[in-house]
Amino acid sequence: MTIVGAADFVPQTRELSTLAAAAQSCRGCDLFENASRAVFGSGPVGARMMLVGEQPGDREDVAGEPFIGPAGRLLDKALNEAGLPRAPVYLTNAVKHFKFVPAERGTRRIHKTPSRTEVVACRPWLIAEMQAVEPAVVVLLGATAAKSLLGNAFRLTAHRGEVLSLPAETKPAGGRDAKVVVTVHPSSVLRGPSQAREESFRSLVSDLRFAGELLDA
Ligand code: URA
Ligand code: SF4
């Protein structure tokens, strides 16, 4: 099947509930075929902070909510240590359908990294969400989210600790510019060797704290 991209499926409205409902019918790339549902972002309409991950995982695909599985628990812990309650934060992903290797009987389906084509195909949903929420601060969790919004050549490790800005189409005409911070993806903390895990968790917390400070700046 050819990959057409999500643009033709995104309604004109910037009402989040309408966008979320419309994402269920998206056929912008092949990922809808095997996933259970599109997992749209979640959080309050006027959220001042938006966090962008990669794609839903096994648990998220079943429940239809972002960041509720193991990576989400780790993210909650990191947010908590950074002094940022999760409830006022808008959480979403660069890609809305779960890409996976089919599981053997009784095992969990294994996450597969989305291709550049799939990330680009799904980008119109992320742009629409950003225009709807108009966050003041955006945290890009990991390379997939960072490359979706900042370009394929973007190197995350070279830009941690910086305040970046986004392309103009991520905000409504005349809207304010969001401040952008990049950090590691919580799944990469979970996957790392155990000695490195604490250090990489600490660096996630400190990047989130830095992002939190930008809210008040
Ligand atoms: N990883 C992500 O990037 N997003 C989720 O929603 C869950 C795991
Ligand atoms: Fe559409 Fe994105 Fe799902 Fe592909 S992953 S079908 S572009 S919502």
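Calculation notes
Residues numbered from 1 in each chain as written. Chains lettered and ligands numbered in written order. Predicted model: local features only at pLDDT ≥ 70, side-chain atom pairs only at ≥ 80, totals over all residues. Heavy atoms only, no water. Phe/Tyr/Trp six-rings, centres within 6.5 Å; stacked < 30°, edge-to-face > 60°. Helix = DSSP H or I, 4+ residues; strand = E, 2+ residues; numbered from the N terminus. Buried < 20%, exposed > 50% of the residue type's maximum accessible area, 1.4 Å probe, protein only. Lys NZ or Arg CZ within 6 Å of the ring centre and 35° of its normal. Pairing = 2+ DSSP bridges. Axes fitted to C-alpha atoms, helices over the stretch in contact; angles between N-to-C directions. Lys, Arg positive; Asp, Glu negative; His and termini not counted. Salt bridge = Lys/Arg side-chain N within 4 Å of Asp/Glu carboxyl O. Contact = heavy atoms within 4.5 Å. Arc of directions from axis to C-beta. Near = heavy atom within 4 Å. Nonpolar A, V, L, I, M, F, W, Y, C, P; charged D, E, K, R; others polar. Parallel < 35°, antiparallel > 145°, perpendicular 65-115°, else oblique. Left-handed = near helix turned anticlockwise from the far one by under 90°.

Student: Can you tell me about the packing of aromatic side chains, naming the residues and giving the values?
Tutor: Following the criterion strictly, the structure yields 2 aromatic pairs and no others. Taken together, a centroid distance of 6.0 Å and an interplanar angle of 90° make the contact between F40 and W125 edge-to-face. With F40 in the loop between α1 (16-23) and β1 (49-53) and W125 in helix α4 (residues 116-133), this pair connects stretches of sequence that are 85 residues apart. The two residues F40 and W125 agree in class, both being buried. Summarising the aromatic geometry, the rings of F98 and F100 are spaced 4.8 Å apart at their centres and angled 25° between planes, so their arrangement reads as stacked. For the pair F98 and F100, a shared accessibility class is recorded, and that class is buried. Its guanidinium or amino end placed over the ring of F40, K96 lies 5.6 Å from that ring's centre, counting from NZ or CZ.

Student: Tell me what's going on with the sheet that holds strand β6 (residues 179-183), and back it up with residues and numbers.
Tutor: Across the sheet, which stays open at both edges, the 4 strands sit in the order β2-β1-β5-β6 with parallel pairing between neighbours. In this open sheet, the two edge strands, each paired with only one partner strand, are β2 (89-93) and β6. Pairs of neighbouring strands in the sheet enclose a mean axial angle of 20°, with direction left out of account. Inspection of the sheet shows β1 paired to strand β5 (residues 137-141) by 4 bridges, in the parallel sense. Paired with V52 across the bridge in β5 is L140.

Student: Go over the side chain of E54, please, and point to the residues and values.
Tutor: Tracing the backbone through its elements, the reader meets E54 in the loop between β1 and α2 (58-63). Buried charge E54 goes without a salt bridge, the closest partner of opposite sign being R191 at 6.6 Å. With residues up to four places along the chain from it excluded, the contact list for E54 reads N93, A94, V95, H111, T113, P114, T144 and H185.

Student: Give a detailed account of α1, specifying residues and quantitative values.
Tutor: Of all the positions in α1, only L16, L19 and A23 are classed as buried. Buried residues of α1, seen end-on, are gathered within an arc of 65° and therefore sit on one face of the element. Taken together, the buried residues of α1 touch β2 and α4.

Student: Would you mind going over the site of ligand 2 in detail, with residue names and values included?
Tutor: Around ligand 2, the neighbouring residues are A6, C26, G28, C29, F32, V95, K96, H97, A121, C122 and W125. Here the shell around ligand 2 is built from residues that sort into 8 nonpolar, 2 polar and 1 charged.

Student: Hey, could you go over the packing of α1 against α4 for me, with residue numbers and the actual values?
Tutor: In contact at an axis separation of 10 Å, α1 and α4 are set at 165° when each is read in the N-to-C sense. The angle between the axes of α1 and α4 places the two elements in the roughly antiparallel class. Judged by the twist between their axes, the crossing of α1 over α4 is left-handed. Note on element contacts: α4 touches α1 through W125, A128, E129, A132 and V133, opposite L16, L19, A22 and A23. Looking at the contact of α1 with α4, its residues break down into 8 nonpolar, no polar and 1 charged.

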